[in-house]
Amino acid sequence: MATLSYFTRDKESIKLYDFDASKEEPLVERKVTPFPLPTPKAAQWSPDGLALALVDPTRGAQVVSFGSDGQGTNIHSLPSASKSTQGFLWSPKSTFVVSVAPGQKGSTEPNLHVWRRGETVEQEYELESTFLHPKLEKGAKVLQWSADEALCARLLPDGRVYILRGTDLASEPLETLKLGHGVQSFEFAPARSGGSLAGRLAVFVPDVRDDMQRVVGPAHVYIFEFTLEGSDAVKCVEKVKTPVAAGQVAELLWNHSGSALIAHCQTEVDETGLSYYGGSKLCLISSDGECQKDLMDPASSLVSNGGIVQAVAWSPCRDEFILIHGFQPSRATLFSWDDRTKQVAAAKVLLEKAHRNTIRFNHFGSLVCLAGFGNLAGQVDFFGRADDGESDKVDFVRVAGCTANCTVSAEWAPDGRHFITSVLAPRMRVDNQASVWRGLTGTLVAAVKYEELYDVQWRPESPGSCRFLDVNGEEIDEASKELEGKVGAAVAAKAYRPPKARGEGSNMVAAMMRGEVAAPDADRRKRQPRQQRTKDEENNPSPRHEEEGGRERGDHRDSRDPRDPRDPRDPRDRERRHSGDAGNPEGMPTPSHPPPQQPPQQQQQQQ
């Protein structure tokens, strides 16, 4: 089995691990220069897996390049990068890397640096261009390339978007997208359609609100197409403009061919009052604008249990997507998209009622993970794509399940068979660890615990690599049948049968209380079976029996008269009591003073 690699970044160092599930010890730490590297601030793999950009606490930003075999390393410094660099962005073909630092108030120094990788592993990285973006949020995409890196879109601080040559970001923009309001997010389609089409870009513009945060203007989703006109000119055409009733932020998701877009628009406050976590809209838009459908519209009959979107994700290689919707426990539904007829249809309900909010496809699209992470319990279900010879049929079957508590991040390995879950700080301050699971069985293969773990990432595989083969249909069918057998055995073992059906007769506790069955020897209270009384004893009970019965019943009350001032524990009082009992057959104590006399008037009345 081929070896996989991933890195972990904790509070002490960044480490590389080699993973091989076929070995008895599947996880081995790789110690090559500069690893383990002390206290890194950030790290990010290149898409081809041949470089790792990171922030050294003493040397600043740098890139560690690996050879084609993945063993040899070369360290390249990025001297002009800001010392406060907090993240990196890579172009799709790993030609460029962008170091991102937060903007300093009142500073004019650029906080975005674009570096070009050399032709060989030994060549240093060259500074391509720099930009200033003062109000840059962590994780925001302000630079993005098309799939072939022919075009690059740059978001300006004022909300405009520049369309630049992908290989020369310092040149004048080819086109400027200036819409009615500032752009919040944008996304290039993952593939080119061929011909003169240079790229397809989706853009989201948020809604307009007044001082009371009331919506006074709708949000919009745009789709632009860029075509080549000669060697230095690009023509921009607006293909789609779809209004959305409300939306402050949006997640733009293209399918693998770039023919359809899902826009997940969200608001901080749900104006209907149904959700505490804000409102959401889900729009499916074809690239030519012929299909514009609101998937959460009750009139569309596509969803039936509420308009809350928990998660949505396209398959990486097919025109199908999974939607988790509704309040928890939510429903997970598989949908199919037909680009020829411009129709979307619900193919199958994968989970009817389950606490799930996460979707992860492997890069083959053959296995998918549906999980409940974050504030949910961490239940995980693995589904495999069923292959029955009909290429047009869309179907997934459940193959395994597990529980990964407190998971913060999750990712499929490049082999498409193993899945890593990570409990990360600062979200979780305790029980930080990285766990590797086998997707077809749901079993834990390896796990490493940390005091504080911040990041875990699989090393990507090169685009043209053939080291790993996809999971075939036979493996999925076998795993599904094995899971059905386990579930059936568990249900049969837990099925309830009354005592009489189990051949145990009536209740044993009731029988012991009636005295029919002796108490077990292990009884801590040492209870004795009840003695059956004869008929004569029941008709003529003796005082002795009554006294013994009182003792058996636990009647230990003091039998002396409460009016007797003498203490039976005092020997002198006991002697006086015995002497006074001779003339008192009732055993009552002799009063120490005469009884009270009635008044004379009362005596005369009685006479």
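This write-up is about the structure you can find in this document. No experiment lies behind these values; they were computed from the predicted model shown.

Scanning the protein for helices and strands turns up 6 helices and 39 strands. Each of the 607 residues in the protein was classed as buried or not, and the buried ones make up 43%. Put simply, of all contacts in the protein between residues at least 6 apart along the chain, 46% involve residues at least 24 apart. Of the accessible surface of the protein, which amounts to about 34000 Å², a share of 48% is contributed by carbon and sulfur atoms.

A few words now on the pattern of salt bridges. Overall, the coordinates contain 18 salt bridges when judged by the stated rule. Between Glu320 and Arg385 there is a salt bridge, with the nearest N and O atoms lying 3.0 Å from each other. In this pair, Glu320 sits in strand 28 (residues 320-325) while Arg385 sits in strand 33 (residues 379-385), placing the two residues 65 residues apart along the sequence. In this structure, Glu320 and Arg385 share a single accessibility class: buried. Taken together, the shared-partner salt bridges in this structure form one network comprising Asp288, Asp339 and Lys342.

What follows deals with the nonpolar core. The biggest cluster of nonpolar side chains holds 34 residues, and the ones touching the most others in it are Leu201 and Val203. Contributing elements (two or more residues each) for this core: strand 10 (96-100), strand 11 (112-116), strand 13 (143-145), strand 14 (151-155), strand 15 (161-165), strand 17 (185-188), strand 18 (197-205) and strand 21 (219-228). Once you skip the residues sitting within four places of it in the chain, Val203 turns out to touch Leu177, Leu179, Val183, Ser185, Phe186, His220, Val221, Tyr222, Phe224 and Leu252. Judged by nonpolar contacts, the second largest core, of 20 residues, contains Ala400, Cys402, Trp412 and Trp437.

This brings us to the packing of aromatic side chains. The final tally for this structure, using the stated rule, is 14 aromatic pairs. Geometrically, the ring pair formed by Phe321 and Phe335 is stacked, given 5.1 Å between the ring centres and 10° between the ring planes. One end of the pair, Phe321, is in strand 28; the other, Phe335, is in strand 29 (residues 330-338), with 14 residues separating them in the sequence. Here Phe321 and Phe335 have matching classes, each one buried. With a centroid separation of 5.7 Å and 80° between ring planes, the pair formed by Phe382 and Phe419 is classed as edge-to-face. Here Phe419 lies in strand 36 (residues 418-423) and Phe382 lies in strand 33, a separation of 37 residues in the sequence. Across the pair, Phe419 and Phe382 agree in class, each one buried. Through successive ring pairs, a cluster of aromatic residues spans Tyr6, Tyr17, Phe19 and Trp458. Cation over ring: Arg459 sits above Phe66, and NZ or CZ is 5.0 Å from the ring centre.

Spatial ordering of the open sheet is given by 35-36-37-38, a layout of 4 strands whose pairing is antiparallel. The open sheet terminates on both sides in strands that have one partner only, identified here as strand 35 (409-412) and strand 38 (443-450). Across the sheet, the axes of successive neighbouring strands diverge by a mean angle of 15°, strand direction being ignored. Note that strand 35 and strand 36 share 4 bridges and pair antiparallel. Bridged to Ser409 within strand 36 is Ser422.

Attention now moves to a negative patch on the surface. The grouping of Asp387, Glu474, Asp477 and Glu478 at the surface amounts to a negative patch. Residue Glu474 is classed as exposed on the basis of its relative accessible area of 65%.

What follows concerns the side chain of Ser46. Among the secondary structure elements, Ser46 is positioned in the loop between strand 5 (43-45) and strand 6 (51-56). Reaching out from Ser46, the side chain makes a polar contact with the backbone nitrogen of Leu50 at a distance of 3.4 Å. In contact with Ser46, other than residues within four places in its own chain, are Ala51, Trp90, Ser94 and Pro460.

Attention now moves to the sheet that holds strand 5. Here we have 4 strands laid out as an open sheet, ordered 5-6-7-8, and antiparallel in their pairing. Each edge of the open sheet carries a strand with a single partner, namely strand 5 and strand 8 (73-77). Here the average twist between neighbouring strands, direction ignored, is 20°. Strand direction decides the pairing type here: strand 7 (residues 60-66) and strand 8, joined by 5 bridges, are antiparallel. Residue pairing for strand 8: Val63 is matched across the bridge by His76.

To continue, consider the environment of Asn74. Tracing the backbone through its elements, the reader meets Asn74 in strand 8. Take Asn74: its relative accessible area is 27%, and that puts it in the partly exposed class. Put simply, Asn74 and Ala51 are 23 residues apart on the chain and 9.3 Å apart in space, counted from C-alpha to C-alpha.

This part is about the pairing of strand 9 (residues 87-90). Note: strand 9 against strand 10, 4 bridges, orientation antiparallel. Pairing of Gly87 across the sheet is with Val100, part of strand 10. If you look at the hairpin formed by strand 9 and strand 10, you'll find 5 residues sitting between the two strands, and Ser94 has a positive phi there, around 65°.

Definitions and limits used
- Residues numbered from 1 in each chain as written.
- Predicted model: local features only at pLDDT ≥ 70, side-chain atom pairs only at ≥ 80, totals over all residues.
- Heavy atoms only, no water.
- Helix = DSSP H or I, 4+ residues; strand = E, 2+ residues; numbered from the N terminus.
- Buried < 20%, exposed > 50% of the residue type's maximum accessible area, 1.4 Å probe, protein only.
- Contact = heavy atoms within 4.5 Å.
- Areas by Shrake-Rupley, 256 points an atom, 1.4 Å probe, with all protein chains shown as cover.
- Salt bridge = Lys/Arg side-chain N within 4 Å of Asp/Glu carboxyl O.
- Core = buried A, V, L, I, M, F, W, Y, C linked by side-chain atoms within 4.5 Å.
- Phe/Tyr/Trp six-rings, centres within 6.5 Å; stacked < 30°, edge-to-face > 60°.
- Lys NZ or Arg CZ within 6 Å of the ring centre and 35° of its normal.
- Pairing = 2+ DSSP bridges.
- Axes fitted to C-alpha atoms, helices over the stretch in contact; angles between N-to-C directions.
- Patch = residues over 30% accessible without salt bridge, like charges linked within 9 Å, V, L, I, M, F, W, Y side chains within 5 Å.
- Lys, Arg positive; Asp, Glu negative; His and termini not counted.
- Charge placed at Lys NZ, Arg CZ, Asp CG, Glu CD.
- Polar contact = N/O pair within 3.5 Å; in protein donor to acceptor, adjacent residues only side chain to side chain.

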